[in-house]
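Structural description and commentary
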Amino acid sequence: MKQITEKTIDIDSILREKMGAKAKFVPAPFVRWLRHIIHQDEVNRYLWESRHLSGTEWLEECVRYLDMTLIVDGMENLPDKDDGRLYTFVSNHPLGGEDGVALGAIIGRHYDGRFRYLVNDLLMNLPGLAPVCIPINKTGKQSRNFPAMVESGFRSDNHMLMFPAGICSRRRKGEVCDVEWKKTFVVKSVEYKRDVVPIRFGGENSDFFYRLANFSDRYVKKVNIAMLFLVDEMYKNAHKTFRVAIGKPIPWQTFDKSRTPAQWAQYVKDKVYEL
């Protein structure tokens, strides 16, 4: 786990880790801009002040730090923590930051910290979050290990919390909605006999973010430029109220051969947006 210091997040170090020797060619003004847009000083201050916390406790402190108010409908639909079974929790991903923090705090508290996220490996730079994460880097050297890491998560005795879209929502034709959901959660939930619990998180990022995301998706397909702004969007969304709706568990036996796994993933996505 990354050591917590007063400079835990260091853009220069991250660039060297990701780019190797090529990092020295990144223009200094761009590096300074990156430090600003990811709120490096503010994030480091929070990480240092919360250094005694990890996992669920860290997530709950993050909810307080961001002054998030959560209105949760359907808590009664969360299966009992002592029923001896394991579940897959799936949610839309409208924000890319606070939604993950809030749902981790809710699920983590209900199940005594027995859950894991599948997350972008960059989030492993957050020491308080790392203990509940399975890091995924689909585009780097680690990509070949992706199936094995997903497998290890489902084979564990932890509940799984997933955002099947993989990236945060986009605004298309005036509507904020996830991109296509990947079928992995369906395939693995059936294989390991885990019922699926659908969750809808209400919220939106800024107009600027959605315009940039659409531009990036259309013209710069190999790089998710919008992801650079997710921390900035998180701070923009501080002090807000969010609705979380938890649906009834969908038995794993539902996902039979009458549809393909991809079609079942769309079925669950539709159920989420009905909540």
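It should be noted that the structure appears before, not after, this text.
Residues numbered from 1 in each chain as written. Predicted model: local features only at pLDDT ≥ 70, side-chain atom pairs only at ≥ 80, totals over all residues. Heavy atoms only, no water.

1. Re the nonpolar core
Ranked by size, the top nonpolar core spans 58 residues in total, and within it W58, L59, F89, Y117, L129, F201 and F209 carry the most contacts. In terms of residue count, helix α5 (residues 98-110) provides more of this core than any other element does, six residues in total. Beyond its immediate sequence surroundings of up to four residues, L59 is in contact with V101, G104, A105, F115, Y117 and L129. Ranked by size, the runner-up nonpolar core spans 20 residues in total, among them L118, F185, F255 and V272. (Core = buried A, V, L, I, M, F, W, Y, C linked by side-chain atoms within 4.5 Å. Buried < 20%, exposed > 50% of the residue type's maximum accessible area, 1.4 Å probe, protein only. Helix = DSSP H or I, 4+ residues; strand = E, 2+ residues; numbered from the N terminus. Contact = heavy atoms within 4.5 Å.)

2. Describing the packing of helix α3 (residues 40-49) against helix α4 (residues 55-65)
One way to put it is that α3 packs onto α4 with a least axis distance of 11 Å and a crossing angle of 130°. Looking at the two axes, α3 sits oblique to α4. Helix-helix and strand crossings are classified by hand; for α3 and α4 the assignment is right-handed. Residues E42, Y46 and L47 of α3 form the contact with α4, whose participating residues are W58, E61, C62 and Y65. (Axes fitted to C-alpha atoms, helices over the stretch in contact; angles between N-to-C directions. Parallel < 35°, antiparallel > 145°, perpendicular 65-115°, else oblique. Left-handed = near helix turned anticlockwise from the far one by under 90°.)

3. Quick look at the pairing of strand β9 (residues 241-246)
Sheet analysis places strand β1 (residues 69-73) next to β9, joined by five bridges and oriented parallel. When the sheet's bridge partners are listed, D73 is paired in β9 with A245. Pairing between strand β8 (residues 195-201) and β9: three bridges, direction antiparallel. Paired with F201 across the two strands is V244, which belongs to β9. (Pairing = 2+ DSSP bridges.)

4. Brief notes about the packing of aromatic side chains
Tallying each qualifying case throughout the model produces 16 aromatic pairs. Between Y87 and F89 the ring centres are 6.4 Å apart and the planes differ by 50°, which places this aromatic pair in the tilted class. With relative accessibility at 0%, the residue F89 sits in the buried group. Among the aromatic residues, those joined into a ring-pair cluster are F30, W33, F208 and F229. Seen from the ring of W48, R51 lies directly overhead, with NZ or CZ sitting 3.9 Å from the centre. (Phe/Tyr/Trp six-rings, centres within 6.5 Å; stacked < 30°, edge-to-face > 60°. Lys NZ or Arg CZ within 6 Å of the ring centre and 35° of its normal.)

5. Points about the packing of α4 against α5
Helix-helix packing is described using two parameters, namely the angle between the two axes and the distance between the axes. Contact geometry of α4 with α5 gives a least axis separation of 8 Å together with a crossing angle of 135°. As the angle between them shows, α4 and α5 are arranged oblique. Crossing of α4 against α5: the hand is left-handed. Contacts between α4 and α5 involve T56, E57, L59, E60, C62 and V63 from the former and V101, A102, G104, A105, G108 and R109 from the latter.

6. Examining the side chain of S206
Within the secondary structure, S206 sits in the loop between β8 and α8 (207-219). Polar side-chain contacts of S206 include one of 2.7 Å to the side chain of E233. Setting aside anything within four residues of it in sequence, one finds S206 in contact with E233 and K236. (Polar contact = N/O pair within 3.5 Å; in protein donor to acceptor, adjacent residues only side chain to side chain.)

7. Re α3
Residues Q40, V43, N44, Y46 and L47 constitute the buried set of α3. Axial view of α3: buried residues confined to an arc of 160°, hence all on one face. Residues D41 and E49 are exposed on α3 and point more than 90 degrees away from its buried face. Structurally, α3 contributes buried residues whose contacts are with α1 (11-19), α2 (28-37), α4 and α9 (230-236). (Arc of directions from axis to C-beta.)

8. Observations regarding α2
Those residues of α2 that sit buried are V31, L34 and I37. Burial along α2 is one-sided: seen end-on, the buried residues are contained in an arc of 125°. Relative to its buried face, α2 has exposed residues pointing more than 90 degrees away, namely P29 and H36. If you follow the buried residues of α2, they end up packed against α1 and α9. Following α2 by one or two positions, H39 has its phi on the positive side, about 55°.

9. Focus: the pattern of salt bridges
All chains considered together, the criterion is met by 14 salt bridges. In this structure, R109 and E60 form a salt bridge, with 2.6 Å as the shortest nitrogen-oxygen distance. Taken together, the residues R109 in helix α5 and E60 in helix α4 connect sequence positions 49 residues apart. When its relative accessible area of 43% is taken as the criterion, R109 is described as partly exposed. One continuous salt-bridge network, built from bridges that share partners, spans E57, E60 and R109. (Salt bridge = Lys/Arg side-chain N within 4 Å of Asp/Glu carboxyl O.)

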